[in-house]
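Understanding the architecture of this molecule
Next come the chains, spelled out residue by residue.
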Amino acid sequence: MVGYDPEAKCVSTAEAAAAGSASGFVTRVFISPLDVIKIRFQLQIEQVSSRNPGAKYHGILQAVQRIFQEEGLAAFWKGHVPAQFLSVGYGAVQFMAFESLTKLVHNVTAYNARDSFVHFVCGGLAACTATVAVQPVDTLRTRFAAQGEPKIYRSLRHAVVTMYQTEGPRAFYRGLTPTIVAVFPYAGFQFSFYNILQQFSEWAIPAEEKKGGNVKNLICGSCAGIISKTLTYPLDLIKKRLQVGGFEHARAAFGQVRSYRGLLDCVRQIMREEGPAGFFKGLSPSLLKAAVSTGLIFFWYELFCSLLCALKSTDNTMRKEG
(Lines give C-alpha, C1' and ligand atoms only; values in the text may rest on other atoms or scores of the structure.)
Protein backbone atom coordinates (compact mmCIF):
# COMPACT_ATOMS: atom_id res chain seq x y z
CA MET A 1 0.00 0.00 0.00
CA VAL A 2 2.92 2.39 0.69
CA GLY A 3 4.07 3.79 -2.64
CA TYR A 4 2.51 3.70 -6.08
CA ASP A 5 1.26 0.29 -7.16
CA PRO A 6 0.01 0.12 -10.78
CA GLU A 7 -1.90 -3.07 -9.95
CA ALA A 8 -3.82 -1.51 -7.05
CA LYS A 9 -4.91 1.98 -8.11
CA CYS A 10 -6.84 2.70 -4.98
CA VAL A 11 -5.53 5.72 -3.06
CA SER A 12 -5.38 9.16 -4.67
CA THR A 13 -2.78 11.80 -3.81
CA ALA A 14 -5.28 13.73 -1.68
CA GLU A 15 -6.28 10.55 0.15
CA ALA A 16 -2.62 9.73 0.78
CA ALA A 17 -2.23 13.18 2.35
CA ALA A 18 -5.30 12.61 4.54
CA ALA A 19 -4.06 9.18 5.64
CA GLY A 20 -0.59 10.61 6.34
CA SER A 21 -2.06 13.41 8.46
CA ALA A 22 -4.22 11.03 10.46
CA SER A 23 -1.37 8.59 11.06
CA GLY A 24 0.90 11.43 12.19
CA PHE A 25 -1.73 12.78 14.59
CA VAL A 26 -2.43 9.45 16.30
CA THR A 27 1.24 8.48 16.50
CA ARG A 28 2.29 11.80 18.06
CA VAL A 29 0.00 11.28 21.06
CA PHE A 30 1.82 8.06 21.94
CA ILE A 31 5.43 9.12 21.31
CA SER A 32 5.48 12.60 22.85
CA PRO A 33 6.95 11.47 26.23
CA LEU A 34 9.79 9.62 24.47
CA ASP A 35 10.46 12.67 22.33
CA VAL A 36 10.75 14.96 25.36
CA ILE A 37 13.20 12.57 27.07
CA LYS A 38 15.24 12.20 23.89
CA ILE A 39 15.54 15.97 23.43
CA ARG A 40 16.57 16.47 27.08
CA PHE A 41 19.35 13.86 26.64
CA GLN A 42 20.51 15.37 23.34
CA LEU A 43 20.83 18.86 24.81
CA GLN A 44 22.69 17.76 27.96
CA ILE A 45 26.40 18.59 27.74
CA GLU A 46 27.34 16.34 30.67
CA GLN A 47 27.61 12.59 30.05
CA VAL A 48 24.28 10.77 30.35
CA SER A 49 25.45 8.37 33.05
CA SER A 50 24.95 7.67 36.75
CA ARG A 51 28.75 7.82 37.09
CA ASN A 52 28.63 11.56 36.39
CA PRO A 53 27.28 13.34 39.52
CA GLY A 54 26.99 16.65 37.65
CA ALA A 55 24.56 15.27 35.08
CA LYS A 56 20.88 16.04 35.54
CA TYR A 57 19.74 12.97 33.64
CA HIS A 58 21.38 9.54 34.02
CA GLY A 59 19.03 7.18 32.18
CA ILE A 60 15.52 6.74 30.85
CA LEU A 61 13.80 5.67 34.08
CA GLN A 62 15.68 8.25 36.18
CA ALA A 63 14.78 10.97 33.66
CA VAL A 64 11.11 9.96 33.73
CA GLN A 65 11.08 10.09 37.53
CA ARG A 66 12.89 13.43 37.73
CA ILE A 67 10.81 15.17 35.08
CA PHE A 68 7.63 13.92 36.76
CA GLN A 69 8.76 15.09 40.21
CA GLU A 70 9.98 18.51 39.11
CA GLU A 71 7.55 19.42 36.34
CA GLY A 72 4.56 17.11 36.63
CA LEU A 73 2.90 14.71 34.21
CA ALA A 74 2.10 17.44 31.68
CA ALA A 75 5.83 17.98 31.10
CA PHE A 76 5.94 14.82 28.97
CA TRP A 77 3.67 16.59 26.50
CA LYS A 78 5.52 19.92 26.51
CA GLY A 79 5.37 21.39 23.04
CA HIS A 80 2.60 18.95 22.10
CA VAL A 81 0.52 21.53 20.20
CA PRO A 82 3.34 22.56 17.82
CA ALA A 83 4.38 18.90 17.69
CA GLN A 84 0.91 17.97 16.47
CA PHE A 85 1.04 20.67 13.82
CA LEU A 86 4.41 19.20 12.88
CA SER A 87 3.16 15.62 12.73
CA VAL A 88 -0.03 16.37 10.83
CA GLY A 89 1.68 18.66 8.32
CA TYR A 90 4.73 16.45 7.92
CA GLY A 91 2.67 13.29 7.47
CA ALA A 92 0.46 14.90 4.85
CA VAL A 93 3.30 16.37 2.77
CA GLN A 94 5.59 13.35 3.10
CA PHE A 95 3.13 10.65 2.04
CA MET A 96 1.54 12.84 -0.63
CA ALA A 97 4.98 13.58 -2.10
CA PHE A 98 6.07 9.94 -1.79
CA GLU A 99 3.02 8.59 -3.60
CA SER A 100 3.38 11.25 -6.32
CA LEU A 101 7.11 10.64 -6.79
CA THR A 102 6.80 6.86 -7.01
CA LYS A 103 3.99 7.29 -9.54
CA LEU A 104 6.15 9.71 -11.54
CA VAL A 105 9.04 7.23 -11.52
CA HIS A 106 6.73 4.48 -12.78
CA ASN A 107 5.32 6.65 -15.59
CA VAL A 108 8.45 8.38 -16.93
CA THR A 109 11.33 5.98 -16.20
CA ALA A 110 12.16 2.32 -16.71
CA TYR A 111 12.45 1.72 -12.95
CA ASN A 112 9.93 -0.37 -11.05
CA ALA A 113 8.00 1.78 -8.58
CA ARG A 114 8.15 -1.08 -6.05
CA ASP A 115 11.97 -1.25 -6.15
CA SER A 116 13.71 -0.61 -2.81
CA PHE A 117 16.18 1.85 -4.37
CA VAL A 118 13.29 3.86 -5.81
CA HIS A 119 11.69 3.91 -2.37
CA PHE A 120 14.98 5.15 -0.86
CA VAL A 121 15.31 8.08 -3.27
CA CYS A 122 11.62 8.99 -3.32
CA GLY A 123 11.35 8.61 0.46
CA GLY A 124 14.33 10.91 0.98
CA LEU A 125 13.02 13.56 -1.43
CA ALA A 126 9.53 13.40 0.08
CA ALA A 127 10.96 13.88 3.57
CA CYS A 128 13.08 16.85 2.46
CA THR A 129 9.98 18.49 0.98
CA ALA A 130 8.04 17.91 4.19
CA THR A 131 10.93 19.13 6.35
CA VAL A 132 11.21 22.49 4.61
CA ALA A 133 7.44 22.92 4.97
CA VAL A 134 7.36 22.25 8.72
CA GLN A 135 10.83 23.31 9.95
CA PRO A 136 9.56 26.42 11.81
CA VAL A 137 7.09 24.25 13.75
CA ASP A 138 9.84 21.72 14.53
CA THR A 139 12.01 24.48 15.99
CA LEU A 140 9.12 25.68 18.17
CA ARG A 141 8.43 22.12 19.31
CA THR A 142 12.09 21.63 20.28
CA ARG A 143 12.20 24.84 22.30
CA PHE A 144 9.00 24.02 24.19
CA ALA A 145 10.30 20.55 25.01
CA ALA A 146 13.71 21.94 26.03
CA GLN A 147 12.67 24.76 28.38
CA GLY A 148 12.60 24.19 32.10
CA GLU A 149 10.93 26.12 34.91
CA PRO A 150 10.16 28.99 34.97
CA LYS A 151 9.01 28.85 31.37
CA ILE A 152 10.37 31.34 28.85
CA TYR A 153 7.47 30.92 26.43
CA ARG A 154 3.93 31.07 27.86
CA SER A 155 2.15 29.97 24.69
CA LEU A 156 2.70 29.20 21.03
CA ARG A 157 1.81 32.75 20.01
CA HIS A 158 4.15 34.19 22.64
CA ALA A 159 6.98 31.97 21.39
CA VAL A 160 6.49 33.01 17.75
CA VAL A 161 6.36 36.73 18.58
CA THR A 162 9.34 36.58 20.98
CA MET A 163 11.55 34.61 18.60
CA TYR A 164 10.72 36.90 15.68
CA GLN A 165 11.34 40.09 17.65
CA THR A 166 14.53 38.99 19.43
CA GLU A 167 16.16 36.66 16.89
CA GLY A 168 14.57 37.43 13.54
CA PRO A 169 12.87 35.12 11.01
CA ARG A 170 16.01 33.01 10.54
CA ALA A 171 15.55 31.65 14.07
CA PHE A 172 12.71 29.46 12.81
CA TYR A 173 15.10 27.69 10.44
CA ARG A 174 17.93 27.02 12.87
CA GLY A 175 19.38 23.58 12.23
CA LEU A 176 17.83 23.31 8.76
CA THR A 177 21.11 22.28 7.06
CA PRO A 178 21.84 19.26 9.28
CA THR A 179 18.12 18.46 9.24
CA ILE A 180 18.06 18.23 5.44
CA VAL A 181 21.35 16.33 5.41
CA ALA A 182 20.01 13.86 7.99
CA VAL A 183 16.40 13.51 6.87
CA PHE A 184 17.14 12.35 3.32
CA PRO A 185 19.00 9.15 4.29
CA TYR A 186 16.86 8.63 7.40
CA ALA A 187 13.55 8.71 5.55
CA GLY A 188 15.09 6.96 2.57
CA PHE A 189 16.22 4.09 4.79
CA GLN A 190 12.80 4.01 6.49
CA PHE A 191 10.90 3.55 3.25
CA SER A 192 13.45 1.24 1.60
CA PHE A 193 13.89 -1.05 4.62
CA TYR A 194 10.12 -1.12 5.16
CA ASN A 195 9.77 -2.20 1.54
CA ILE A 196 12.55 -4.79 1.87
CA LEU A 197 11.06 -6.23 5.06
CA GLN A 198 7.60 -6.35 3.50
CA GLN A 199 8.97 -8.22 0.50
CA PHE A 200 10.88 -10.57 2.78
CA SER A 201 7.74 -11.32 4.78
CA GLU A 202 5.87 -12.05 1.54
CA TRP A 203 8.60 -14.53 0.63
CA ALA A 204 9.07 -16.04 4.09
CA ILE A 205 5.43 -16.49 5.11
CA PRO A 206 3.40 -19.09 3.16
CA ALA A 207 0.24 -17.78 1.50
CA GLU A 208 -2.06 -19.89 3.68
CA GLU A 209 -0.50 -18.44 6.85
CA LYS A 210 -0.69 -14.78 5.85
CA LYS A 211 -2.91 -13.40 8.59
CA GLY A 212 -2.57 -10.33 10.77
CA GLY A 213 -1.33 -7.99 8.03
CA ASN A 214 -1.62 -4.99 10.35
CA VAL A 215 0.70 -6.60 12.90
CA LYS A 216 3.17 -7.36 10.11
CA ASN A 217 3.10 -3.68 9.04
CA LEU A 218 3.78 -2.62 12.63
CA ILE A 219 6.75 -5.00 13.00
CA CYS A 220 8.26 -4.11 9.61
CA GLY A 221 7.89 -0.40 10.36
CA SER A 222 9.47 -0.75 13.81
CA CYS A 223 12.49 -2.62 12.45
CA ALA A 224 12.90 -0.09 9.64
CA GLY A 225 12.79 2.73 12.20
CA ILE A 226 15.50 1.19 14.39
CA ILE A 227 17.86 0.59 11.46
CA SER A 228 17.40 4.03 9.90
CA LYS A 229 17.69 5.90 13.23
CA THR A 230 20.91 4.11 14.21
CA LEU A 231 22.52 4.95 10.87
CA THR A 232 21.65 8.66 10.97
CA TYR A 233 21.44 9.55 14.68
CA PRO A 234 24.45 11.93 15.04
CA LEU A 235 22.94 14.42 12.59
CA ASP A 236 19.69 14.45 14.56
CA LEU A 237 21.60 15.36 17.73
CA ILE A 238 23.48 18.16 15.94
CA LYS A 239 20.19 19.53 14.62
CA LYS A 240 18.74 19.71 18.14
CA ARG A 241 21.84 21.50 19.47
CA LEU A 242 21.63 24.12 16.73
CA GLN A 243 17.88 24.62 17.12
CA VAL A 244 18.27 25.88 20.70
CA GLY A 245 20.97 28.39 19.76
CA GLY A 246 20.17 31.80 21.28
CA PHE A 247 18.04 30.01 23.86
CA GLU A 248 20.84 29.32 26.34
CA HIS A 249 19.28 31.26 29.25
CA ALA A 250 16.38 28.79 29.35
CA ARG A 251 18.81 25.87 29.55
CA ALA A 252 20.62 26.97 32.73
CA ALA A 253 18.56 24.71 34.98
CA PHE A 254 19.67 21.62 33.05
CA GLY A 255 23.46 22.07 33.41
CA GLN A 256 26.16 23.44 31.11
CA VAL A 257 25.23 25.29 27.92
CA ARG A 258 27.17 25.89 24.71
CA SER A 259 26.87 28.24 21.76
CA TYR A 260 27.64 26.97 18.26
CA ARG A 261 28.51 29.08 15.23
CA GLY A 262 27.29 26.48 12.76
CA LEU A 263 27.29 22.82 11.77
CA LEU A 264 31.07 22.30 11.65
CA ASP A 265 31.67 24.26 14.86
CA CYS A 266 29.04 22.12 16.60
CA VAL A 267 30.75 18.92 15.42
CA ARG A 268 34.18 20.18 16.59
CA GLN A 269 32.95 21.21 20.04
CA ILE A 270 31.09 17.96 20.65
CA MET A 271 34.09 15.89 19.56
CA ARG A 272 36.51 17.93 21.69
CA GLU A 273 34.43 18.12 24.88
CA GLU A 274 32.24 15.02 24.79
CA GLY A 275 34.09 12.59 22.53
CA PRO A 276 32.56 10.29 19.89
CA ALA A 277 29.97 9.04 22.40
CA GLY A 278 28.61 12.59 22.58
CA PHE A 279 27.08 12.16 19.13
CA PHE A 280 24.93 9.29 20.45
CA LYS A 281 23.51 10.89 23.60
CA GLY A 282 19.85 10.00 23.89
CA LEU A 283 20.22 7.06 21.48
CA SER A 284 18.32 4.64 23.76
CA PRO A 285 15.08 6.68 24.01
CA SER A 286 15.56 7.69 20.39
CA LEU A 287 15.68 4.06 19.21
CA LEU A 288 12.67 3.27 21.36
CA LYS A 289 10.87 6.26 19.90
CA ALA A 290 11.95 5.34 16.34
CA ALA A 291 10.67 1.78 16.76
CA VAL A 292 7.34 2.94 18.15
CA SER A 293 6.82 5.96 15.89
CA THR A 294 7.88 4.40 12.59
CA GLY A 295 5.96 1.23 13.32
CA LEU A 296 2.83 3.20 14.21
CA ILE A 297 3.20 5.61 11.27
CA PHE A 298 3.22 2.79 8.72
CA PHE A 299 0.64 0.81 10.68
CA TRP A 300 -1.85 3.68 10.81
CA TYR A 301 -1.09 4.85 7.26
CA GLU A 302 -1.75 1.38 5.82
CA LEU A 303 -4.85 1.03 7.99
CA PHE A 304 -6.32 4.41 6.99
CA CYS A 305 -5.55 3.72 3.31
CA SER A 306 -7.30 0.36 3.59
CA LEU A 307 -10.32 2.02 5.19
CA LEU A 308 -10.45 4.64 2.42
CA CYS A 309 -10.26 1.91 -0.22
CA ALA A 310 -13.02 -0.05 1.52
CA LEU A 311 -15.23 3.05 1.68
CA LYS A 312 -14.66 3.78 -2.01
CA SER A 313 -15.41 0.17 -2.91
CA THR A 314 -18.63 0.20 -0.88
CA ASP A 315 -19.67 3.52 -2.41
CA ASN A 316 -19.04 2.24 -5.95
CA THR A 317 -21.03 -0.92 -5.23
CA MET A 318 -23.98 1.10 -3.89
CA ARG A 319 -23.92 3.35 -6.95
CA LYS A 320 -23.98 0.35 -9.29
CA GLU A 321 -26.85 -1.24 -7.38
CA GLY A 322 -28.69 2.07 -7.35
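The text that follows walks through the structure, step by step, so that each part is easy to find. Here the structure is a predicted model, which is why all the values come from computation and not from measurement.

Overview of the side chain of lysine 281
Mapped onto the secondary structure, lysine 281 falls in the loop between α8 (263-274) and α9 (283-321). Overall, the relative accessible area of 8% leaves lysine 281 in the buried class. A polar contact of 3.0 Å, which involves the side chain of lysine 281, links it to the backbone oxygen of glutamate 46. With residues near it in sequence (within four places) discarded, lysine 281 still touches Phe41, Gln42, Gln44, Ile45, Glu46, Gln47, Val48, Tyr233, Leu237, Arg241 and Glu274.

So, the packing of helix α6 (residues 176-204) against helix α7 (residues 213-243)
Here α6 crosses α7 at 165°, and the two axes come no closer than 8 Å. Of the possible angle classes, the one that applies to α6 and α7 is roughly antiparallel. Taken as a pair, α6 and α7 cross one another with a handedness that is right-handed.

Things to note about the pattern of salt bridges
What the rule picks out here adds up to 17 salt bridges. Between arginine 40 and glutamate 71 there is a salt bridge, with the nearest N and O atoms lying 3.1 Å from each other. With arginine 40 in helix α1 (residues 13-43) and glutamate 71 in helix α2 (residues 60-71), this residue pair connects regions lying 31 residues apart in the sequence. One exposure class covers both arginine 40 and glutamate 71, and it is buried. Where salt bridges share partners, they join Arg28, Asp35, Lys38, Asp138, Lys229, Asp236, Lys239 and Lys289 into one cluster.

Side note on the packing of α1 against helix α3 (residues 80-108)
Contact pair α1 / α3: the axes reach a minimum separation of 7 Å and the direction vectors enclose 145°. Here α1 and α3 pass one another in a crossing that is right-handed. Across from Thr13, Ala16, Ala17, Gly20, Ser21, Ser23, Gly24, Phe25, Arg28, Val29 and Ser32 in α1, the residues of α3 making contact are His80, Ala83, Gln84, Leu86, Ser87, Val88, Gly91, Ala92, Phe95, Met96, Glu99 and Ser100. Of the residues belonging to the contact of α1 with α3, the class tally is 10 nonpolar, 11 polar and two charged.

A closer look at a nonpolar patch on the surface
Residues Phe25, Val29, Phe30, Phe68, Leu73 and Trp77 make up a contiguous nonpolar surface patch of about 610 Å² in total accessible area. With respect to the element layout, phenylalanine 30 can be found in helix α1. Judged by relative accessible area, phenylalanine 30 falls into the exposed class, the value being 53%.

Definitions and cut-offs
- Residues numbered from 1 in each chain as written.
- Predicted model: local features only at pLDDT ≥ 70, side-chain atom pairs only at ≥ 80, totals over all residues.
- Heavy atoms only, no water.
- Helix = DSSP H or I, 4+ residues; strand = E, 2+ residues; numbered from the N terminus.
- Buried < 20%, exposed > 50% of the residue type's maximum accessible area, 1.4 Å probe, protein only.
- Polar contact = N/O pair within 3.5 Å; in protein donor to acceptor, adjacent residues only side chain to side chain.
- Contact = heavy atoms within 4.5 Å.
- Axes fitted to C-alpha atoms, helices over the stretch in contact; angles between N-to-C directions.
- Parallel < 35°, antiparallel > 145°, perpendicular 65-115°, else oblique.
- Left-handed = near helix turned anticlockwise from the far one by under 90°.
- Salt bridge = Lys/Arg side-chain N within 4 Å of Asp/Glu carboxyl O.
- Nonpolar A, V, L, I, M, F, W, Y, C, P; charged D, E, K, R; others polar.
- Patch = residues over 30% accessible without salt bridge, like charges linked within 9 Å, V, L, I, M, F, W, Y side chains within 5 Å.
- Areas by Shrake-Rupley, 256 points an atom, 1.4 Å probe, with all protein chains shown as cover.

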